[in-house]
Structure formats: structure tokens, C-alpha cells
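Fold and geometry: a report
Chain by chain, the residues run as shown.
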Amino acid sequence: MSAESQPAGQPPLAEAAAAVARFREDLARLTREIGQRVVGQAEIVEGVIAALLAGGHVLLEGVPGLGKTLLVKTLAEALELSFARIQFTPDLMPADVVGTNMIVESAHEGVRRFEFQRGPIFANLVLADEINRATPKTQSALLEAMQEQSVTVSKQTYPLAPPFFVLATQNPIEMEGTYPLPEAQLDRFFFKLRVDLPGTDELHAILDRTTGAVDPVVRPVLGRARLLELRDLVRQVPVARPIQDYAVRLVEATHPARTGVAAVRKLVRYGSSPRGAQAVILAAKIRAVADGRFAPSFDDVRRVAAPALRHRVLLNFEGEAEGVSTDTVLGEILAALPEVT
């Protein structure tokens, strides 16, 4: 294809190939650097990086002690970004998260004035640990920040410096004294990832790294400016109409009133919102570029369907009573969904 035949606004093929190659190199360097400290969990690392490149947020579900805090802290060091950890508890207040106005007295003039003291939300990477232990009032403090990239206190809006990334964790076992996240907040997470226990070899590697005298050092491999460039590149990846149509039909099939899948009609109360389709397409784009391709495929959509939609599909009472997982329902949808209608 000649440069003259390229669509308006599209770079020449050679330039696009070079951009994809640099994307893959940067992604590989970042993954390797994280691997210096985080053992295994390749799918989790891949999902967290994908959500960061898409400008989204991640909800991690797993028992304590699996390295969730270490992963976010390591990612911040490798990208030279600021990091903050918020331990959510029942007595945590919204002001503890976003900040508050405080009376400050000038040392020279003796004049008192209100000054906004920023909370831990004003960081590039924020770990919201055990988010379901806080009350809904405090959980809602994250809503505006996650969606609008800003915080409003006393009618004053404070923008959050990009990139802004929230990684929230919740413990699926100990549910006593917890507050389930409302649907509106669940929908604001790009991915929901389940962290599994490490295997035997991985556990040996963890012990070797954490009980010895040498502490692995993580070096910065990407800067903030380059990360924002990678985000822009993801948005420029084209999507063929049949691929987009497949993603649209996938999301529509999660709604009981708009699907022919028996499991959905029987077990699902509500399906995914349009944000689910956005997450599927963006994640498929990132998978394609990471694999060295210029556009996503049907397989890319299938691979990202579970993490992008599992928290957006809500089971009804029958589904909860039977112990069915949303992953099982999504699997049946994918099995029944043709690539082309």
C-alpha cells in the first residue's frame, strides 16, 4: 500500500510497524522488570498492564499474601510514578481518601485561612486495599476520581495528574463485616482479575527471593511521558467492523431479554453495560499490538471477555443459590456465539 492510498490521518505502514515494534519492546522490558520481584502471576501482570495502558482500573480478588501490594508498588517503581496505599476499614472516612480543607495560620502575618490538604488519592498508582471493608459512603469517594480523573471538595474541583490508576483488592473468603461494592462502582473497573495461589515451583522461587540476603532491585524502564504515548497508540489501533460486531453481540448476549443462551435467561439478573464493550475492544487492541499485529482478532475478543465482563454480569437468586460463576455463564455465551451472523 502506497502512502497516497493510506486513509486520512493514518501513518504509513512502515511507521505503524515501527511503532508496534517499539510498543512490544517497551512492554517486554516492563514485564521483565516486574518479574525481577514478582514471581509468576503472568496473567495478572499482563491484565494489570493492559488496564493501565487502556486508562482503566483493576479489581483484584484473592486471599491475603499473594503479592498484590508488591505488584502495584513494583509497577510504580518501574514506571517512575508516585504510589499510595489506602487500607480500607469500616471507620475510614471520605476525607481520609480525597483530602480535606484545614485551617492554616501564616507564621509571619498571623492570618488564618483554609488550605486544601491532599489525600492519598493524589498519586499516579493507588492501591485500595480491601475496598469492600469500607462503608458505601467511603467507597463512593473513589467514584468521581475513577471516572472523571478529578476530586471535588467544598465545590472546588482538583484534577488528578495522569496517568491515574486504581488497583482495588477484596478478599473473597472473609466476608463478615464487609460491604459489597455497588454495581455503579464495579462497572468502573476495567478488569476484574482473580489471583490464584502459587504453584510448587513458584512458591520455591518466592522463598528463595524473600528469605535470602539479596533484595531484587527494580529499575525504572519507562517514564510517564512514554506511558502516555503508549496509551495514545492503543487508541489508534483500527478495529474491523466484524470484530466490533462480535464484541457488541457478546455484550448483548449477557442480557436475559436479548439473548438465546439458556443459561443467561435462567441465571442472570442484569447484563453488561456499554462500558463492558469498551473494555473488550480496548483490551483486544492491546493484545493485538502486544502480539505484533495491527488489528485485533476474534480470538483476542474471546481471550479478554472474562476479565472485562465477569464483574459486569450479575447473577439472580437462582444463579447465586446454585453456586454458578459468571465465568461459566460467559463460557456458554462464547460457545454459542457465532463469529459472523
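Please read all numbers here as calculations on a predicted model, not as lab measurements.

**Here we look at the overall build of the protein**
Assigned secondary structure in the protein consists of 15 helices and 11 strands. Expected size for 341 residues packed as a compact globule is a radius of gyration near 20 Å; at 22 Å, the protein falls within 12% of this value. Residues counted as buried form 46% of the 341 residues belonging to the protein. Of the contacts formed within the protein by residues at least 6 apart in sequence, a portion of 77% connects residues at least 24 apart. As displayed, the protein has an accessible area near 17,300 Å², and 54% of this comes from carbon and sulfur atoms. In the protein, the 37 positive side-chain charges and the 41 negative ones have mean positions that sit 3 Å from each other.

**Digging into the packing of helix α2 (residues 42–54) against helix α12 (residues 274–290)**
Interhelical geometry of α2 versus α12 gives an angle of 110° and a closest axis separation of 10 Å. Between α2 and α12, the interaxial angle falls into the category roughly perpendicular. The handedness of the crossing between α2 and α12 comes out as right-handed. Contact residues: α2 offers Glu-46, Ala-50, Leu-53 and Ala-54, while α12 offers Leu-282, Ile-286 and Arg-287.

**So, the confidence of the model for the protein**
Averaged over all residues, the pLDDT of the protein is 89; the fraction at 70 or higher stands at 95%. Ignoring residues within four places in sequence, the model shows residues 1–7, a span with pLDDT below 50, making 4 contacts including any to other chains.

**Observations regarding the pattern of salt bridges**
When charged atoms on two side chains of opposite charge get close, those side chains can pair. Using the criterion set out here, one finds 23 salt bridges in the structure. Between Glu-115 and Arg-113 there is a salt bridge; the shortest N-O distance is 2.9 Å. You can call Glu-115 partly exposed: its relative accessible area is 28%. Between Arg-258 and Glu-252 there is a salt bridge; the shortest N-O distance is 3.1 Å.

**What to know about helix α6 (residues 141–148)**
For α6, the full list of buried residues reads Ala-141, Leu-142, Ala-145 and Met-146. Down the axis, α6 shows its buried residues gathered within 105° of arc, on one side only. Buried residues along α6 sit against α4 (94–98), β5 (125–129), α5 (136–139), β6 (150–153), β8 (165–170) and α7 (183–186). Following α6 by one or two positions, Gln-149 has its phi on the positive side, about 60°.

**Digging into the sheet that holds strand β1 (residues 58–61)**
Across the sheet, which stays open at both edges, the 5 strands sit in the order β2-β5-β8-β1-β9 with parallel pairing between neighbours. What marks the edges here is a single partner per strand, and that holds for β2 (83–87) and β9 (191–194). On average, each strand axis in the sheet is inclined to that of its neighbour by 20°, with strand direction left out of account. Where β1 lies against β8, 4 bridges are found, and the strand directions are parallel. Paired with Val-58 across the strands is Leu-167, a residue of β8. Sheet strands touched by helix α3 (residues 68–79): β1, β2, β5 and β8. Its angle to β5, the strand with the most contacts, is close to 170°.

The rules behind the values
- Residues numbered from 1 in each chain as written.
- Predicted model: local features only at pLDDT ≥ 70, side-chain atom pairs only at ≥ 80, totals over all residues.
- Heavy atoms only, no water.
- Helix = DSSP H or I, 4+ residues; strand = E, 2+ residues; numbered from the N terminus.
- Rg over C-alpha atoms; globule rule 2.2 N^0.38 Å.
- Buried < 20%, exposed > 50% of the residue type's maximum accessible area, 1.4 Å probe, protein only.
- Contact = heavy atoms within 4.5 Å.
- Areas by Shrake-Rupley, 256 points an atom, 1.4 Å probe, with all protein chains shown as cover.
- Lys, Arg positive; Asp, Glu negative; His and termini not counted.
- Charge placed at Lys NZ, Arg CZ, Asp CG, Glu CD.
- Axes fitted to C-alpha atoms, helices over the stretch in contact; angles between N-to-C directions.
- Parallel < 35°, antiparallel > 145°, perpendicular 65-115°, else oblique.
- Left-handed = near helix turned anticlockwise from the far one by under 90°.
- pLDDT = per-residue confidence, 0-100.
- Salt bridge = Lys/Arg side-chain N within 4 Å of Asp/Glu carboxyl O.
- Arc of directions from axis to C-beta.
- Pairing = 2+ DSSP bridges.

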